[in-house]
Amino acid sequence: MSEEAIEQLLAFNQQLLMLAQSENWDEFVAGVEHYTNELKQLRAQDVSQLNCIDALQQLFAQDAILRQCIQTRLNSLSAEMTAMRKSRHSSQAYNAV
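Residues numbered from 1 in each chain as written. Predicted model: local features only at pLDDT ≥ 70, side-chain atom pairs only at ≥ 80, totals over all residues. Heavy atoms only, no water.

Here we come to the pattern of salt bridges. Under the defined criterion, the tally for this structure stands at one salt bridge. Residue Asp 63 is joined to Arg 67 by a salt bridge in which the shortest nitrogen-to-oxygen separation is 2.7 Å. In this pair, Asp 63 and Arg 67 both sit in helix H3 (residues 53–96), four residues apart, roughly one turn of the helix. Classification of Arg 67 as exposed rests on a relative accessible area of 52%. (Salt bridge = Lys/Arg side-chain N within 4 Å of Asp/Glu carboxyl O. Helix = DSSP H or I, 4+ residues; strand = E, 2+ residues; numbered from the N terminus. Buried < 20%, exposed > 50% of the residue type's maximum accessible area, 1.4 Å probe, protein only.)

What follows concerns helix H1 (residues 3–21). Each α-helix turn comprises 3.6 residues. Residues three or four places apart therefore point the same way. The terminal C-alpha atoms of H1 lie 27 Å apart, and with 19 residues this matches the ideal 27 Å at 1.5 Å per residue to within 8%. Of the positions making up H1, those classed as buried are Ile 6, Leu 9, Leu 10, Asn 13, Leu 16, Leu 17, Leu 19 and Ala 20. Taken together, the buried residues of H1 touch helix H2 (25–44) and H3. (Expected span 1.5 Å × (residues − 1). Contact = heavy atoms within 4.5 Å.)

Counting 21 residues, the largest nonpolar core has Ile 6, Leu 16, Phe 28, Tyr 35, Leu 42 and Leu 59 as its most contacted members. Those elements that place two or more of their residues in this core are H1, H2 and H3. For this core, the leading source of residues is H1, giving seven residues. (Core = buried A, V, L, I, M, F, W, Y, C linked by side-chain atoms within 4.5 Å.)

Okay, the packing of aromatic side chains next. Inspection of every chain in the model, using the stated rule, returns two aromatic pairs. Ring geometry for Phe 12 against Tyr 35: centres 6.5 Å apart, planes inclined by 35°, an arrangement best described as tilted. Of the two residues, Phe 12 is situated in helix H1 and Tyr 35 in helix H2; the sequence distance between them amounts to 23 residues. (Phe/Tyr/Trp six-rings, centres within 6.5 Å; stacked < 30°, edge-to-face > 60°.)

All right, on to the packing of H1 against H2 then. It is at 10 Å that the axes of H1 and H2 come closest, and there the two elements cross at 155°. With respect to their mutual orientation, H1 and H2 come out roughly antiparallel. By crossing handedness, the relation of H1 to H2 is classed as left-handed. Contacts between H1 and H2 pair Ile 6, Leu 9, Phe 12, Asn 13, Leu 16, Leu 19 and Ala 20 from the former with Trp 25, Glu 27, Phe 28, Gly 31, Val 32, His 34, Tyr 35, Glu 38, Leu 39 and Leu 42 from the latter. Of the residues contributing to the contact of H1 with H2, the split by class is 12 nonpolar, three polar and two charged. (Axes fitted to C-alpha atoms, helices over the stretch in contact; angles between N-to-C directions. Parallel < 35°, antiparallel > 145°, perpendicular 65-115°, else oblique. Left-handed = near helix turned anticlockwise from the far one by under 90°. Nonpolar A, V, L, I, M, F, W, Y, C, P; charged D, E, K, R; others polar.)

In short, geometric facts, not functional conclusions.
Written out as C-alpha cells, the structure is:
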C-alpha cells in the first residue's frame, strides 16, 4: 500500500466521521464495509518502509473515534429494539384482555 493510498484511506475515514456525525446511517453503513476491507489490506502490508507515520497515527486516532461512533449507534439501535419489544409485549397483553 502506498503513502497515497493511506492518505486516501484517511480522507475516507474523515468522510465516514462526517456521515456519522450527520446521522446519515445508510451511507455510513455502505462506506464502513469498504473502509474495513481497506484497513484489512493495510494491516497485511509492511508499512515500515513508508514515510507516513503521521498519517498512520492520525488514521488510527480517527479510527478509534469512528469505532466509538459505531458503538454509540449500536447502543442506540439496541435501545430502540428493546423499546419496540416492550411496546409489542404491552400491545399483546392489552389485546389478550
